[in-house]
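As a plain string of letters, each chain reads:
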There are 4 protein chains.
Amino acid sequence: MAADAHPSGAFAALYGLEVEHASPDEARGRVAVREQVRQPAGLVHGGVYASLAESLATLATGAAVREQGRIAVGHSSQTSFLRPITEGSVHATGRARHRGRSTWVWEFDVTDDDGRLCALVRMTVSVRDAA
Amino acid sequence: MAADAHPSGAFAALYGLEVEHASPDEARGRVAVREQVRQPAGLVHGGVYASLAESLATLATGAAVREQGRIAVGHSSQTSFLRPITEGSVHATGRARHRGRSTWVWEFDVTDDDGRLCALVRMTVSVRDAA
Amino acid sequence: MAADAHPSGAFAALYGLEVEHASPDEARGRVAVREQVRQPAGLVHGGVYASLAESLATLATGAAVREQGRIAVGHSSQTSFLRPITEGSVHATGRARHRGRSTWVWEFDVTDDDGRLCALVRMTVSVRDAA
Amino acid sequence: MAADAHPSGAFAALYGLEVEHASPDEARGRVAVREQVRQPAGLVHGGVYASLAESLATLATGAAVREQGRIAVGHSSQTSFLRPITEGSVHATGRARHRGRSTWVWEFDVTDDDGRLCALVRMTVSVRDAA
């Protein structure tokens, strides 16, 4: 996919995000593991998990608030690495836990191809009036 | 630089990390802003900040514990986005705040070319015996 | 209850924790709202949410690892405040999301008497050999 | 001090906060270690560190924004426990790292009587118009 056509932008295209679902309740996506997303020991780099959660949460939140003339931008994220992923795909599924006036909070489970929990990401998104 | 030659691995080469310093006390690096690291609104994607901190902290910790036959892997990270970066470079400077037997904790300031604070990242690294 | 009899110790007695359930999978408890747990504006102090999660997670983890001669101590916590609580009780329900050799990770939902989500706490517990 | 007279409210009086300094740049306080702030193993309960940071950060932020008709309330906190404290006092010193229109971010070092770093707390405060 051309970078400028990616719904989550050029960086999402760079690390290889495939968006599977983005609604106000849930966001899902995956990244195929390839050499480019690995750190030196051969594991998927933890930055990919934080990136995935931010791309998906801001995409889903932004789509939901756009008709009110508002935009979504990242506010903060917390990632816990539980189990390494070395092959297959990285799968992320997030639920919107809070949809406030100025802040949305998402919790993502990151799993491998066998459904094992590999990381947790809490992603907080700021919602603001479009400039 | 060839991806396989990058001291922080293929993903660090992909997003464009330049390592400037990595000692047991401090780690510094930068990423030149280019289209590939942006999200749809033109800002540097927040995942880059988390990635930078993880690459630098695990590199510096790993180098420090290697002679004891130990390795460093990411444990968790917390990123707060304070001010967007849209051009120039992303600069990250981390200090090792805790060097424990099983855990090192680093705090990074992320700044822009004018030295303005743009993000904070706390990166916790697990230290383990090499397999 | 006498402070020294409280299963979660003296501080849990001070802020008023009632433990409802503590198993390797789930931990639940509550704190009755009274003047003593409020901050100046009349809301329950956010420190109570972090305290609740730590007390419950270390109690449940500690009980589960004790027979292996191991102990549980707090490692880190991340709390997001979503909606204030001003009366009734603070209810916390946590699930163990990861039970590793050296680290357990719990995610708590904090709710009010009407079941509304008021805070999220991720609590990471270190598991070590008893000294 | 009577609970209703404590500048940080009743809960701060309960766990024993002594405010030493609160300006827009820096906030400092301490808690004398006594049985009531301990968890079962005799260490100061981690909830005390999160509570301290929240009390001090919201006090200092609130004082700074009051004349603009605004108030400060807790948004989120992240605590890393590095070294236990068992006696003496818990000392917390926080710096305001970001003073935005809607969010202030503080970073606290928690130390013991010997000046050893025992915990890190990042505390984010929301700033809003008074109701």
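Look up: the structure comes first, before these words.
Because the structure is a prediction, the values reported are computed rather than measured.

1. Some details on the interface of chain C and chain B
Stage number 1. Facing the four residues of chain C at the interface are four residues of chain B.
Stage number 2. The junction of chain C with chain B conceals about 310 Å² of combined surface from both sides, 47% of it contributed by carbon and sulfur atoms.
Stage number 3. Linking chain C with chain B are zero salt bridges.
Stage number 4. The tally of links from chain C across to chain B stands at zero residue pairs in polar contact (both at pLDDT 80 or more).
Stage number 5. Tallied by class, residues from the side of chain C that touches chain B come to no nonpolar, four polar and no charged.

2. Considerations on the interface of chain D and chain C
Stage number 1. Every contact between the two is made by 30 residues of chain D and, on the other side, 30 residues of chain C.
Stage number 2. With both sides pooled, the region where chain D packs onto chain C buries about 2300 Å², and carbon together with sulfur makes up 62% of that total.
Stage number 3. At the junction of chain D with chain C, the criterion picks out 14 residue pairs in polar contact (both at pLDDT 80 or more).
Stage number 4. Listing elements by their share of the side of chain D that touches chain C, those giving two or more residues are helix 1 (10-15), helix 2 (46-65) and strand 3 (70-81) of chain D.
Stage number 5. Grouping the amino acids of the side of chain D that touches chain C by side-chain chemistry returns eleven nonpolar, 16 polar and three charged.
Stage number 6. Bridge analysis of strand 3 (residues 70-81) of chain C against strand 3 of chain D gives five bridges, and the strand direction is antiparallel.

3. What to know about the environment of Leu59(C)
All names here are of chain C.
Stage number 1. Here Leu59 shows up in helix 2 (residues 46-65).
Stage number 2. Note on Leu59: relative accessible area 19%, which makes it buried.
Stage number 3. Considering only alpha carbons, one finds Leu59 and Ser23, 36 residues apart in sequence, at a separation of 8.9 Å.
Stage number 4. Excluding anything up to four places from it in sequence, Leu59 contacts Pro7, Ser8, Val19 and Ala22.

4. Observations concerning the nonpolar core
Stage number 1. Grouped together as the largest cluster of nonpolar side chains are 70 residues, with contacts concentrated most on Trp106(A), Phe108(A), Trp106(B) and Phe108(B).
Stage number 2. Counting residues in each nonpolar core, the second largest holds 68 residues, with Ala72(C), Trp104(C), Leu56(D) and Ala96(D) among its members.

5. Considerations on the relation of the copies chain D and chain C
Stage number 1. Overlay of chain D on chain C (RMSD 0.0 Å): rotation 180°, translation along the axis 0.0 Å. The superposition operator between the copies reduces to a two-fold rotation axis. Residues of chain D ranked by C-alpha distance from the rotation axis are headed by Gln78(D), positioned 2.2 Å from it.
Stage number 2. A shared binding surface is used by both copies, with 100% of the interface residues of chain D retained as interface residues in chain C.

6. Focus on the side chain of Ser126(B)
Stage number 1. Assignment of secondary structure puts Ser126(B) in strand 6 (residues 117-129).
Stage number 2. Setting aside residues no more than four positions away along its own chain, Ser126(B) makes contact with Ile71(B), Ala72(B), Val73(B), His75(B) and Ser102(B).

7. Thoughts on helix 2 (residues 46-65) of chain B
Stage number 1. Helix length check: helix 2 of chain B (20 residues) gives 29 Å between terminal C-alpha atoms against 28 Å at 1.5 Å per residue, within 8%.
Stage number 2. Most of helix 2 of chain B is tucked away: 19 of the 20 residues are buried.

Calculation notes
- Sequence order as written defines residue numbering, which begins from 1 separately in each chain.
- Each chain takes a letter, starting from A, and each ligand takes a number, starting from 1, following the order in which they are written.
- This being a predicted model, a pLDDT of at least 70 is required before a residue's local features are given, and a value of 80 or more before pairs of side-chain atoms are given or counted; all residues contribute to the totals for chains, interfaces and linings.
- Hydrogen atoms and water are omitted, and side-chain values are computed over all heavy atoms in the structure.
- Contacts between residues were defined by any pair of non-hydrogen atoms, one from each residue, lying within 4.5 Å.
- Buried area counts how much accessible surface, traced with a 1.4 Å probe, disappears from two parts once they are put together, with both parts' losses summed.
- Take a side-chain nitrogen of Lys or Arg and a carboxyl oxygen of Asp or Glu: if they are within 4 Å of each other, that pair is a salt bridge.
- Definition of a polar contact: a pair of N or O atoms within 3.5 Å, with one able to donate and the other able to accept a hydrogen when the atoms are protein atoms, and with sequence-neighbouring residues admitted only if both atoms are side-chain atoms.
- Side-chain classes follow a simple rule in which Ala, Val, Leu, Ile, Met, Phe, Trp, Tyr, Cys and Pro form the nonpolar group, Asp, Glu, Lys and Arg form the charged group, and the remainder, Gly included, forms the polar group.
- Helix and strand assignments follow DSSP, with helices taken as H or I runs no shorter than four residues and strands as E runs no shorter than two, numbered in order from the N terminus.
- Two strands are said to pair when DSSP picks up at least two bridges between them.
- Accessible area is worked out with a 1.4 Å probe on protein chains only. A residue is then buried under 20% of its type maximum, exposed over 50%, and partly exposed in between.
- As used here, the term nonpolar core means buried Ala, Val, Leu, Ile, Met, Phe, Trp, Tyr and Cys residues forming a set that is joined through side-chain atoms within 4.5 Å.
- For this overlay, a least-squares fit was computed on C-alpha atoms, restricted to residues scoring pLDDT of at least 70 in both copies.
- For a helix, the expected span equals 1.5 Å multiplied by the residue count minus one.

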